Amino acid sequence: MRPSNILLIIILFFLLLDSALYLHASRLQATLRSDHAVQAIAVAGLGLTDLCVATEARYTRHPALSDAMAPFMDHPGAIEHFPSGSFWAAPADKNVR
Amino acid sequence: MIPKGLEKQLNILDFSLSSLWRRKLKNISIMLVFALVIFLLGSFQMLTGALTQSADAVLRNTPEITIQKMSAGRQEAIPLSYEEKLRSIFGIRAIIPRVWGYYFDESNLANFTILALDTTSMPSGNQLDRTLSYGHFPKLTEPGTALLGGSVHEILGLGKRRVFSLFRPDLSLKSFEVVGLFSGQTDLLTSDLIVMNLDDARDLFAMAPNMATDLCLYVANPAEIETIAKKIAGLLPDTRVLTKSQIQKTYQVVFSWRSGFASICLLTALVAFVILAWDKASGLSPEEKREIGILKILGWETADILAIRFWESTLVSILAFIIGCTAAYMHVAFFDASLLKPVMVGWSVIHPPFKLLPSLKLADLLLIFSFSVLPYLGATVIPAWRCSTVPPDSVIR
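Since the structure is predicted, the reported quantities are computational estimates derived from the model, not experimental observations.

Draft legend 1. Structural view of the overall build of chain A. Helices and strands together make up the secondary structure of chain A, namely two helices and zero strands. Radius of gyration (C-alpha) of chain A: 23 Å, far over the 13 Å computed for a compact globule of 97 residues. Judged by the C-alpha coordinates and their principal axes, chain A covers about 70 × 35 × 25 Å. Per-residue burial over chain A gives 37% buried out of 97 residues. A fraction of 38% describes how many contacts in chain A between residues 6 or more apart in sequence connect residues 24 or more apart.

Draft legend 2. Main features of the overall build of chain B. Secondary structure summary: chain B contains 14 helices and 13 strands in total. Computed over its C-alpha atoms, the radius of gyration of chain B comes to 31 Å, more than 25% above the 21 Å expected for a compact globule of 397 residues. In terms of its C-alpha atoms, chain B occupies a principal-axis envelope of roughly 95 × 50 × 45 Å. A buried classification covers 39% of the 397 residues belonging to chain B. Long-range contacts, defined as pairs at least 24 residues apart, comprise 82% of the intrachain contacts of chain B with a sequence gap of at least 6.

Draft legend 3. Representation of the environment of L156 of chain B within the structure. Mapped onto the secondary structure, L156 of chain B falls in the loop between α4 (150–155) and β8 (163–167). Spatially, the C-alpha atom of L156 of chain B lies 7.9 Å from that of N108 of chain B, the residues being 48 residues apart in sequence.

Draft legend 4. Looking closely at the pairing of strand β4 (residues 92–105) of chain B. Residues and elements named next belong to chain B. Pairing between β4 and strand β12 (residues 214–219): six bridges, direction antiparallel. Of the residues in β12, the one forming a bridge with I96 is C216. Two elements, β4 and strand β5 (residues 110–116), share seven bridges in a ladder whose sense is antiparallel. Looking at the pairing, F104 lines up with N111 of β5. In sequence, β4 turns back onto β5 through a hairpin of four residues, with L109 there showing a positive phi of about 60°.

Draft legend 5. Spatial organisation of the packing of helix α11 (residues 302–334) of chain B against helix α13 (residues 362–388) of chain B. Residues and elements named next belong to chain B. α13 packs onto α11 with a crossing angle of 155° between their chain directions and a minimal axis gap of 9 Å. With respect to α13, the axis of α11 lies roughly antiparallel. In the crossing of α11 with α13, the sense of the turn from one axis to the other is right-handed. On α13, the residues touching T302, I305, L306, R309, F310, S313, T314, S317, I318, F321 and C325 of α11 are L365, F369, S372, V373, Y376, L377, T380, V381, A384, W385 and S388.

Draft legend 6. How the structure looks around the pairing of strand β9 (residues 173–182) of chain B. Residue and element names in this part refer to chain B. Here strand β6 (residues 132–135) pairs with β9 via three bridges, running antiparallel. What sits directly across from L132, in β9, is F182. Two elements, β8 and β9, share five bridges in a ladder whose sense is antiparallel. For F164, the partnering residue across the bridge sits in β9 and is F176. Between β8 and β9, which follow one another and run antiparallel, lie five residues, and L171 among them has a positive phi close to 70°.

Draft legend 7. Inspection of the interface of chain B and chain A at higher detail. Between chain B and chain A, the contact holds 72 residues from the first and 52 residues from the second. A total of six residues in the side of chain B that touches chain A trace back to one element, the largest contributor, which is helix α8 (residues 244–253) of chain B. Looking at the side of chain B that touches chain A residue by residue, the class counts come to 35 nonpolar, 27 polar and 10 charged.

Draft legend 8. Quick peek at unusual backbone geometry. All names here are of chain B. Not every positive phi belongs to a glycine, and S124 is a case in point at roughly 60°. You can see S124 is positioned in the loop between β5 and β6. The phi dihedral of L171 is positive, around 70°, even though this residue is not glycine.

Draft legend 9. Region of interest: the domain arrangement of chain B. Residues and elements named next belong to chain B. Structurally, chain B comprises domain 1 (4–57 + 255–396) and domain 2 (63–247). The distance between the C-alpha centroids of domain 1 and domain 2 comes to 49 Å. Taken together, the five residues of domain 1 in the interface contact nine residues of domain 2. Looking at side-chain class alone, the side of domain 1 that touches domain 2 contains four nonpolar, one polar and no charged residues.

Draft legend 10. Just the packing of helix α2 (residues 24–58) of chain B against α11 of chain B, in detail. Residue and element names in this part refer to chain B. Where α2 contacts α11, the two axes come as close as 7 Å, and the packing angle between them is 40°. Classified by the interaxial angle, the pair formed by α2 and α11 is oblique. Regarding α2 and α11, the two cross each other, and that crossing is right-handed. Of the residues assigned to the contact of α2 with α11, the class counts are 19 nonpolar, six polar and no charged.

Draft legend 11. Region of interest: α8 of chain B. If you check which residues of α8 of chain B are buried, you get K244, Q246, I247, T250 and Y251 of chain B. Against the buried residues of α8 of chain B lie α2, α7 (225–235) and β13 (239–243) of chain B.

Draft legend 12. Seen up close, the environment of M207 of chain B. Residue and element names in this part refer to chain B. Within the secondary structure, M207 is located in the loop between α6 (198–205) and β11 (211–212). Each C-alpha atom of the pair M207 and K4 lies 85 Å from the other, and the pair is 203 residues apart in sequence. Here M207 is in contact with A77, V99 and R202, once residues within four sequence places are set aside.

Draft legend 13. Representation of α11 of chain B in the model. Compared with an ideal rise of 1.5 Å per residue, which puts 33 residues at 48 Å, α11 of chain B spans 47 Å between its outermost C-alpha atoms and is within 8% of the ideal. Backbone geometry just after α11 of chain B places D336 of chain B at a positive phi near 55°.

Draft legend 14. Spatial organisation of the confidence of the model for chain B. Looking at chain B as a whole, the pLDDT averages 87, with 97% of positions reaching at least 70. Model confidence for the complex: the whole-complex pTM is 0.86, and ipTM, which rates the interface, is 0.88.

Conventions used here
Residues numbered from 1 in each chain as written. Chains lettered and ligands numbered in written order. Predicted model: local features only at pLDDT ≥ 70, side-chain atom pairs only at ≥ 80, totals over all residues. Helix = DSSP H or I, 4+ residues; strand = E, 2+ residues; numbered from the N terminus. Rg over C-alpha atoms; globule rule 2.2 N^0.38 Å. Buried ≥ 20, exposed ≤ 12 C-beta atoms within 10 Å, placed from the backbone. Contact = placed C-beta atoms within 7 Å. Pairing = 2+ DSSP bridges. Axes fitted to C-alpha atoms, helices over the stretch in contact; angles between N-to-C directions. Parallel < 35°, antiparallel > 145°, perpendicular 65-115°, else oblique. Left-handed = near helix turned anticlockwise from the far one by under 90°. Nonpolar A, V, L, I, M, F, W, Y, C, P; charged D, E, K, R; others polar. Domains from an automatic or database assignment. Expected span 1.5 Å × (residues − 1). pLDDT = per-residue confidence, 0-100.

What follows is the structure, given as structure tokens:
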């Protein structure tokens, strides 16, 4: 067998795998759409503002309601020490008090 | 019948594959490391993109204006008397006080979010039962009742028990009866929530009856949100006024390359590629030079030798790109991004299940492609071109 034929088989394998993943993504998207409709009701009915991703610190649990200084407010000269803080960028609007 | 030009390229491709296979250990190692870096970048991008998309999809109905009282740079309870002041502003449709805060459960080291408000005055308040797997929201006539998020129920280890207790600030116990549980469909928002009556929340937090944590405002004309927010900021200078658009903007930028972890990922990838490029650009091995010399003596042209090197680098980098991106998708979709999740949730005891659709944007794929494949192609083809232009006899000797 020519080496290029083996390469073709490898490429076909990935093509099949990625097609299967594409189908999976389409099905997951349909499921998530119905989940999002229920989540939107929870957001409206409870006035929620944030995703429940990291619950260790108030500024990662509710970044939308926290100000930029919140990570450094424990005491004068405090440094941000929660691991999840490294995943989050600074708040969007620095003009907010 | 294959056209002659294509047949030539196929033969060169065969030769390149054989050449790669001769140094299989080295090439497979490069490809795997390459795929690993792409996997890391791809996983981060797909996970954060999925969270951003989810936030965008579900946080469209956040309160139009949220007012928090500030003192010495910190948020503190807001007096309900501020409601009266706000009524002087024309265009405000509803003012809903909320009591909410965090409860640290010392036995499980978990942080819960306690939330209390009059849900009947909220938009979609009458549909809220759709968010529950069973039960109902605590009613005003049912003091001492609570509704739990999935993770709270699990961490408290309630099983079939319906009663649990929380400590007040003075360490006296307050008991609650569970009257409902949030559906798993809303875990991304409600996993750590305990919803209760306003009076119960004030009692739990030892908050005065005339105080609330913040005020949610809804306006008659959504086009006037910003104008009304400015008027509120003028009327109540000791408050922070957050509008719906500011809240929605947060999640558009909060997961980005500017965050510390993402910068580390990106820097690692860049350093890896710089080392690779430096290694390649510093010259070919004597064996590779000899091979090029022999090919030239056998009559191969410079263009053919460049084509071999081009095919070799293209195969290694494109295969690594496909493997890395496929693995990244599977990592986020099937394994809950389990390698990134520990960093993302940190010391959180509550680990809400991530049911996310990995974000696959063409722009992100092109970014990863141009960061990885293009430098590799440049770093391998240029030294080959330099070598293939020298006289073959000087290379062989």
